[in-house]
Amino acid sequence: MKNWFTQFQAPLMKFGEKLSRNKTLQILRDAFMLAFPLTIFGSITLIIANFPFLAQIIGESAAASLNAMLGPASTATMSIATVFTVLGIGYYFSCDRKVDPIFGAAIALAAFVLVTPMETVFELETGGSVVVGNVLDINRLGAKGMFVGMIGAFLASWLYSWTTKKNWTIKMPDTVPPAVSKSFSALIPACLTLSVFLLIRIVFQFTPWGNIHDFIYEIVQAPLTSLGSSLGATLLAIFAIQGLWFFGLHGQIIVNSVLDPIWNALTLENLTAFQAGTELPNIVTKQFIEIFTVGIGGSGMTLAVVLTLAFLCKSRTMKQVGRLALPAGCFNVNEPVIFGLPIVLNPTIVVPWIIAPIINVCIVYFSMAAGLVPLTTGVTVPWTTPIVLSGMLATNSWQGGVIQLVELAVVFVCWFPFLKALDRQTVADYAEEESDDELFAEA
C-alpha cells in the first residue's frame, strides 16, 4: 500500500505544484481578488434591498424606494466585475514583467473598452428621431464580457510590457518630474498596443459577428460555461480538490485557479438575472461551489468531522484535535483537522473524505434542479461565513440554510463508522503504550 501511495503521490504533487506556480493562473487569481471588497459591498446592499418578505414588513412602496436607492451600489460594483478583472490583470501582469503597473492597468482597460461595442441611443421626436449618443451595454462589462476582458487584458499587458522592454520609449531628461517622465515613457507602448486593438475592432466589423465580444462569447465562453455548469464537470472538480488535498496540496486553490473564470461568469449571469427579476439560469456558480462545499466547514466539508472528534470520540488525542479545530471550523478554516487528525495521506479515512462531498454536491444540485432549493443569486458571500447563514444569504431563502444542515448530516453519516474505527484503534494503541511504559518502569 505504501509503495502504491508513493508512486501515485509523486507525479500528482509535481503536477499540482507546477500548476500552483503557473504565472498566468497566479495573475488571474490575484486579479479576481481585486474585486472582492467591492463586490462584498455591492452584495450587502443587494441583500438588504432584496431581503425576504421586505415588502410585507415595510410595505411595497417603501421596499421599491429602498431598492431604487441601493440599486446603484450593486450596479457600480458587481455588474461591472469584468472591469476590475481587466484592471487587475493589467496591474499584476505588469508587476510580474517589472514595468509600470499603473499604466499597464490603464492600457488594459482602454484596450478592453476599445473592442467593446457601443449601442446608439435614439430619442424619438415628432416627425423623426434624434441620436442622443453612444452607450456601453453594462452586460458587456459584466458576465458577457468576462472572457473578452481576460483575453484582451493579457494581450494588452503583454504588448505593453514587450514594447517597454524593447526600449521603444521616449526618454526624458532627469530634470523632468517623474510623473511626466513615466507618461512619456508609456506613450509609444500605449499607442502601439491600442492600435492593435483598434485594428481588431475594425476587422471584426466585417465578420458575421460584428464584434469580438459576440465572437468570443459564441465560440469560447458559451461552450466553456455550459461545460463548467454541468454536474459531471462539477463532480470532477470536487474529486480533484479532494484528491489533491489528500496528498497535501491545496486542492481548492489549484482547481479554483483553473475554473474560477467559468464559475465567475456563471455567477454574473445569475446576478444579472436576479437584478432584472428574471429566472436564474445556472445551478453551478462560484457561490454554489463555495457555500455548499467549502461552507460546510472548509474543503471536504469537515465541520461534522470536527464535531464528532470533539464530542463523540473516546480517544484523548482525537478529542483534543476536534476541540482545537472547532473554532476555526465554524468559520470554514479546516487546516487544523486536515493536518492534525491527519487527513493527509491517511488511507483509513480516504473513502469518506472523497465520497461525502460528491454525495452532497449531487443532493444540492438535484434539490436546486427540482426547485426545492432556490438557485444562488450571484451575491458574493464570504466563504468564512458560518453554516446556515451563508446558505440563506447565497440563495436569499431559508431553504439554502436547511440544505446545508442536510449536508452536515450526510457528512456525519459517511464519516462516523470510519472515525469510530480510528478512535478504537487510537484508544487501543494508547493503552498498549501505557502498558509498555508500566512494564519498562517495573523493570
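Structure: see above.
As the structure is a prediction and not an experimental result, all values here were calculated from the model.

The next subject is the overall build of the chain. Counting its regular elements, the chain contains 19 helices and 2 strands. Out of the 443 residues in the chain, the part that is buried amounts to 46%. Across the chain, every contact between residues at least 6 apart in sequence was considered, and the portion connecting residues at least 24 apart equals 71%.

Summed over all chains, the structure comprises 7 salt bridges. Two residues, Asp-214 and Arg-140, come together in a salt bridge whose shortest N-O distance is 2.8 Å. Here Asp-214 is found in helix α10 (residues 212-228), whereas its partner Arg-140 is found in the loop between β2 (128-136) and α8 (146-165), with 74 residues between them in sequence. Looking at Arg-140, the relative accessible area reads 10%, which means it is buried. One salt bridge in this structure joins Asp-260 and Lys-286, with 2.6 Å as the shortest N-O distance. Pair noted here: Asp-260 is in helix α12 (residues 251-276) and Lys-286 is in helix α13 (residues 286-291), with a separation of 26 residues, a long-range link. Like Asp-260, the residue Lys-286 is buried in the burial classification. The structure contains a network of salt bridges with shared partners spanning Lys-23, Asp-96 and Arg-97.

Turning our eyes to something else, we now look at the packing of helix α7 (residues 101-114) against helix α9 (residues 178-204). Where α7 contacts α9, the two axes come as close as 9 Å, and the packing angle between them is 20 degrees. Taken together, α7 and α9 sit at an angle that is classed as roughly parallel. In the crossing of α7 with α9, the sense of the turn from one axis to the other is right-handed. From α7, Phe-103, Ile-107, Ala-110, Ala-111, Val-113 and Leu-114 reach across to α9, where they touch Lys-182, Ser-183, Ala-186, Ala-190, Thr-193, Leu-194, Phe-197, Leu-198 and Arg-201. Looking at the contact of α7 with α9 residue by residue, the classes come out as 11 nonpolar, 2 polar and 2 charged.

Core analysis: the biggest nonpolar cluster contains 100 residues, and Phe-288, Leu-309 and Trp-415 have the highest contact counts within it. No other element matches α12, which puts 10 residues into this core. Non-local contacts of Leu-309, meaning those with residues more than four positions away in its chain, are made with Met-318, Lys-319, Val-321, Gly-322, Val-337, Leu-341 and Leu-419. Listed in part, the 5 residues of the second largest apolar core include Val-99, Ile-107, Ala-186 and Ala-190.

As a further point, take helix α15 (residues 316-329). In an α-helix there are 3.6 residues to a turn, and that puts residues three or four apart on one side. Taking 1.5 Å as the rise per residue, α15 with 14 residues should run 20 Å; its terminal C-alpha atoms sit 19 Å apart, in good agreement. Within α15, burial applies to Met-318, Val-321, Gly-322, Ala-325, Leu-326 and Gly-329.

Residues Leu-155, Trp-158, Trp-162, Trp-168, Val-180, Phe-184, Leu-187, Ile-188 and Leu-192 make up a contiguous nonpolar surface patch of about 750 Å² in total accessible area. Contributions of two or more residues to the nonpolar patch are made by α8 and α9. It is α9 that provides the largest number of residues to the nonpolar patch, a total of 5 residues. Among the secondary structure elements, Phe-184 is positioned in helix α9.

Of note, Val-411 is situated in helix α19 (residues 398-442). Sequence separation between Val-411 and Trp-353 is 58 residues, and the spatial gap between their C-alpha atoms is 9.0 Å. Excluding its chain neighbours within four sequence positions, the residues that come into contact with Val-411 are Met-301, Ala-304, Val-305, Ala-356 and Asn-360.

Rules used throughout
Residues numbered from 1 in each chain as written. Predicted model: local features only at pLDDT ≥ 70, side-chain atom pairs only at ≥ 80, totals over all residues. Heavy atoms only, no water. Helix = DSSP H or I, 4+ residues; strand = E, 2+ residues; numbered from the N terminus. Buried < 20%, exposed > 50% of the residue type's maximum accessible area, 1.4 Å probe, protein only. Contact = heavy atoms within 4.5 Å. Salt bridge = Lys/Arg side-chain N within 4 Å of Asp/Glu carboxyl O. Axes fitted to C-alpha atoms, helices over the stretch in contact; angles between N-to-C directions. Parallel < 35°, antiparallel > 145°, perpendicular 65-115°, else oblique. Left-handed = near helix turned anticlockwise from the far one by under 90°. Nonpolar A, V, L, I, M, F, W, Y, C, P; charged D, E, K, R; others polar. Core = buried A, V, L, I, M, F, W, Y, C linked by side-chain atoms within 4.5 Å. Expected span 1.5 Å × (residues − 1). Patch = residues over 30% accessible without salt bridge, like charges linked within 9 Å, V, L, I, M, F, W, Y side chains within 5 Å. Areas by Shrake-Rupley, 256 points an atom, 1.4 Å probe, with all protein chains shown as cover.

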